[in-house]
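Residue-level structural notes
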Amino acid sequence: MAAAASMATSLKFALLPSQSQGLRGSTRSFPLTKPQRRFSRKAGSNLITAKFELKPPPYPMNALEPHMSQATFEYHWGKHHRAYVDNLNKQIAGTELQGLSLEDIIIASYNKGDILPSFNNAAQAWNHEFFWESMKPGGGGKPSGELLDLIERDFGSFERFIEEFKSAAATQFGSGWAWLAYKANRPNVEKAVNPFPSEDKKLEVVKSPNAVNPLVWDYFPLLTIDVWENFVNLFFWQNRRPDYISVFVEKLVSWEAVSARLEKAKAKVAERETEEERRKKEEEEEKQTGDEAVEMYVDSDADDSEAE
């Protein structure tokens, strides 16, 4: 929305994202959102190339009004989000990153904070698509089912969670994001420093600067809000970020999308643990077989010695 018309009228705004990075762990990809890919074959070549495409939001551009204007939505999605996708395709063309999933590109290019050139565009493309899909017309309210149970278990109450989420969004300096994420039981991750290196599985509220997102810590993002400073200042005047955050939480959040992401995250963790247990068992069996082979070889030598 071009600018808020009046403090007395209903708060109107448009979600104009930014550039973003993380705070408050990375293995392989966790496709909680699935960026569209286009495959093409170059003329006279057997090489098939894949490009990421700008995916439209799951609702019409005017569906979030009066809270988010169609004009601002089209500007931010059609210009900023598109630029991240287009620039990423240019950056990865002909490199070892081409052909990887967007999540794997993010994890590889984060590189424990020593960020590689493709990270910003890859992460911002992912973050924005995830952000659009975190909202719905007539959103807000309160979740139900397992999601609400876990929120109440890990934060004490839904109201306490809302306080922490709002605080994370309000205190992220400059550009960035606030997240609700599901943390699996991995104290150590490959390409980042885990901010909460415990083995418990729980929900966490985290914030991240610029393009960083929880994927780099091996967390499963469930919900996000974009707190690009220029956007907040442009559409909410100075010091209006708290109003923007409140409207997002109370009027726009799609708790159905968050619940679906939680279900996928838990299934992914269970699948991963089953696979790790299988590999561990195979390694133990191989070691045991090796030890038995050595013992048999030693016994054989002893028998030969006695025979002489």
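Residues numbered from 1 in each chain as written. Predicted model: local features only at pLDDT ≥ 70, side-chain atom pairs only at ≥ 80, totals over all residues. Heavy atoms only, no water.

Bringing the overall build of the protein chain into the picture now. Along its length, the protein chain carries eight helices and five strands. Within the span of the protein chain, comprising 308 residues, buried residues form 47% of the whole. Taken as a whole, the protein chain presents about 15200 Å² of accessible surface, with 50% of it coming from carbon and sulfur. (Helix = DSSP H or I, 4+ residues; strand = E, 2+ residues; numbered from the N terminus. Buried < 20%, exposed > 50% of the residue type's maximum accessible area, 1.4 Å probe, protein only. Areas by Shrake-Rupley, 256 points an atom, 1.4 Å probe, with all protein chains shown as cover.)

When we look at burial in helix α4 (residues 145-155), the residues that qualify are L147, L148, L150, I151, D154 and F155. For α4, the angular spread of the buried residues around the axis is 165°, confining them to a single face. Once α4 finishes, G156 follows within two positions and takes phi at roughly 95°, a positive value. (Arc of directions from axis to C-beta.)

Further remarks concern the sheet that holds strand β3 (residues 176-183). The sheet built from three strands is open, its strands ordered β4-β3-β5 with antiparallel pairing. Taken across any chain shown, the strands that pair with only one partner, and hence form the sheet edges, are β4 (202-209) and β5 (219-226). The average undirected angle you get between the axes of adjacent strands in this sheet is 25°. Relative to β5, β3 is paired through seven bridges, and the arrangement is antiparallel. Along β5, the bridge assignment pairs A181 with P221. Strands in contact with helix α3 (residues 119-132) are β3 and β5; relative to β5, the strand with the most contacts, it is inclined by about 75°. Seen against the sheet, helix α5 (residues 158-171) touches β3, β4 and β5 and runs at an angle of roughly 15° to β4. (Pairing = 2+ DSSP bridges. Axes fitted to C-alpha atoms, helices over the stretch in contact; angles between N-to-C directions. Contact = heavy atoms within 4.5 Å.)

As a further point, take helix α7 (residues 241-252). Over its 12 residues, α7 runs 15 Å from end to end, which matches the ideal 16 Å to within 8%, given 1.5 Å per residue. Residues of α7 that are buried include every one of R241, Y244, I245, S246, V247, F248, V249 and L252, and no others. (Expected span 1.5 Å × (residues − 1).)

Moving on, we get to the side chain of T224. Relative to the assigned elements, T224 resides in strand β5. According to the relative accessible area criterion, T224 is buried, its value standing at 0%. At 3.0 Å, the side chain of T224 forms a polar contact with the backbone oxygen of A178. With residues near it in sequence (within four places) discarded, T224 still touches N127, F130, F131, S134, F165, W177, A178, W179 and F248. (Polar contact = N/O pair within 3.5 Å; in protein donor to acceptor, adjacent residues only side chain to side chain.)

A few words now on the packing of aromatic side chains. Applying the stated criterion across every chain yields a total of 16 aromatic pairs. Seen in terms of ring centroids, Y110 and F119 are 5.4 Å apart; in terms of plane orientation they differ by 55°. Their pairing is tilted. One exposure class covers both Y110 and F119, and it is buried. Both rings, one in Y182 and one in F220, keep their centres 6.4 Å apart while their planes meet at 50°; by these two values the pair is tilted. Note that Y182 is positioned in strand β3 and F220 in strand β5, a separation of 38 residues in sequence. (Phe/Tyr/Trp six-rings, centres within 6.5 Å; stacked < 30°, edge-to-face > 60°.)

What follows concerns unusual backbone geometry. Here the bond from E65 into P66 is cis, since omega is 10°, no more than 30 degrees from zero. Looking at the element boundaries, P66 is found in the loop between β2 (48-53) and α1 (70-92). One non-glycine residue, N111, adopts positive backbone phi at about 55°. Relative to the helices and strands, N111 resides in the loop between α2 (102-110) and α3. According to the relative accessible area criterion, N111 is partly exposed, its value standing at 27%. With a phi close to 55°, K112 is a non-glycine residue in the positive phi region. With respect to the element layout, K112 can be found in the loop between α2 and α3.

Don't take any of this as a statement about function, it's just geometry.
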